[in-house]
Amino acid sequence: KNDPAQSGYISYGNKYYPVLRNVAVCPYNANLFVLDGSTMYYNDPAYTTALGIDVSSHQGEIDWQKVAASGVKFAIIRLGYRGYGSEGTLNLDPYFQQNLAGAKAAGLKVGVYFFSQAISTQEAAEEAQFVLTNLAGAQLDYPLVYDWEPISGASARTDGLDSVTLTDCAITFCDTVARAGYTPMVYYNNPVGYGRYDLSRLTAYDVWFAQYASQPDMYYNYRIWQYTSSGKVPGISTKVDMNIAFIPY
């Protein structure tokens, strides 16, 4: 009864969600993950993996040469964000250009994310255009990520945003950046993946999954797992998000 493939339902957070048959199931064996310090390993010879970080202005000045020398292979860099207040202004991360140039110069593969608070497809398109304008044609190795998250501990303009509109916004953003030649990706954790997005409509995009744990338990497939927000990496003075990519880009 606890096997979604047999029961047709996924149990999460005291709720049951119908299995979406058109969404690919996660193929990873949770028992093969091994965490050593801040480094996550996946001991399955069928997969090649890569260690990565994601950063923003919260990390301050970064010595990217030290980061690369530590074994980190990729970085997903925040380009900007929309404020969660009622005005919802668009903002460029003050460290974006510096981080993009530094990571590239150190030989890391790079991707970009944008923190969205869009409440309409028009705003999602505006966010995508903001990203494209500030990328100015820069080449990325890893995807360009739509990162929507509920705001905890404060009221936000996206509070109560319905699943249809939220999913529409992700699709609009992803399709806009795809037309510009970038690989789109959607970021979510278990509560947002199961309870907010309609994942049956997002199957065209790769997934960046967040769960701070020694083993992941998301039922559906993902390409990158963000496994901690408190990693320690040489060259970065603060805690940093750590990721493992399966079949790296």
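Predicted model only: the values in this text are computed from it and were never measured.

A. Fine view of the overall build of the chain. Across its full length, the chain carries 6 helices and 13 strands. Taken against the 2.2 N^0.38 rule, which gives 18 Å for 249 residues, the C-alpha radius of gyration of the chain at 18 Å falls within 12% of a compact globule. Principal-axis analysis of the C-alpha atoms gives the chain an extent of 50 × 45 × 35 Å. The proportion of buried residues among the 249 residues of the chain is 50%. Of the contacts formed within the chain by residues at least 6 apart in sequence, a portion of 65% connects residues at least 24 apart.

B. Structural context of the pairing of strand 3 (residues 33–36). For strand 3 and strand 4 (residues 39–42), the ladder comprises 4 bridges, and the chain directions are antiparallel. Across the sheet, the residue bridging to V34 is Y41, located in strand 4. A loop of 2 residues connects strand 3 with strand 4, the two strands running antiparallel in sequence, and G37 in this loop sits at a positive phi of about 65°.

C. View of the environment of N14. Mapped onto the elements, N14 comes out in the loop between strand 1 (9–12) and strand 2 (15–18). Residue classification places N14 among the exposed residues on the basis of a relative accessible area of 81%. Taking the C-alpha atoms as reference, N14 lies 36 Å from L90; in sequence the two are 76 residues apart.

D. Structural context of the pattern of salt bridges. Applying the stated criterion across every chain yields a total of 7 salt bridges. Salt-bridge contacts for R157 lead to E123; the nearest nitrogen and oxygen are separated by 2.7 Å. In this pair, R157 is assigned in the loop between strand 9 (144–148) and helix 5 (163–179) and E123 in helix 4 (residues 121–135), connecting sequence segments 34 residues apart. As far as burial versus exposure is concerned, R157 and E123 are alike and both buried. Ionic pairing is found between R201 and D168, a salt bridge with its closest N-O pair at 2.5 Å. Note that R201 is positioned in the loop between helix 6 (190–195) and strand 11 (206–210) and D168 in helix 5, a separation of 33 residues in sequence.

E. The arrangement of helix 5 in detail. Relative to the 24 Å expected for 17 residues at 1.5 Å per residue, helix 5 spans 24 Å between its end C-alpha atoms, a close match to the ideal helical length. Restricting attention to buried positions, one finds in helix 5 the residues L166, T167, C169, A170, I171, F173, C174, T176 and V177. Residues of helix 5 that are buried in the fold lie against strand 8 (109–116), helix 4, strand 9 and strand 10 (184–189). You can read the cap of helix 5 off the contacts: a side-chain oxygen lies 3.2 Å from the backbone nitrogen of V164, and it is on D162. Downstream of helix 5 by a residue or two, G181 has a phi angle that is positive, lying close to 100°.

F. How the structure looks around the nonpolar core. In terms of nonpolar packing, the biggest core is built from 69 residues, with I53, W64 and Y197 touching the most fellow members. Per-element accounting of this core gives the leading share, 7 residues, to helix 5. Not counting chain neighbours up to four residues away, the residues in contact with Y197 comprise Y146, W148, S163, L166, T167, A170, V186, Y187, Y188, V192 and L202.

G. Up close: the environment of T203. Mapping T203 onto the fold places it in the loop between helix 6 and strand 11. As a C-alpha pair, T203 and N22 span 181 residues in sequence and 7.9 Å in three-dimensional space.

H. Just the pairing of strand 1, in detail. Where strand 1 lies against strand 2, 4 bridges are found, and the strand directions are antiparallel. Residue pairing for strand 2: Y9 is matched across the bridge by P18.

Analysis parameters
- Residues numbered from 1 in each chain as written.
- Predicted model: local features only at pLDDT ≥ 70, side-chain atom pairs only at ≥ 80, totals over all residues.
- Heavy atoms only, no water.
- Helix = DSSP H or I, 4+ residues; strand = E, 2+ residues; numbered from the N terminus.
- Rg over C-alpha atoms; globule rule 2.2 N^0.38 Å.
- Buried < 20%, exposed > 50% of the residue type's maximum accessible area, 1.4 Å probe, protein only.
- Contact = heavy atoms within 4.5 Å.
- Pairing = 2+ DSSP bridges.
- Salt bridge = Lys/Arg side-chain N within 4 Å of Asp/Glu carboxyl O.
- Expected span 1.5 Å × (residues − 1).
- Polar contact = N/O pair within 3.5 Å; in protein donor to acceptor, adjacent residues only side chain to side chain.
- Core = buried A, V, L, I, M, F, W, Y, C linked by side-chain atoms within 4.5 Å.

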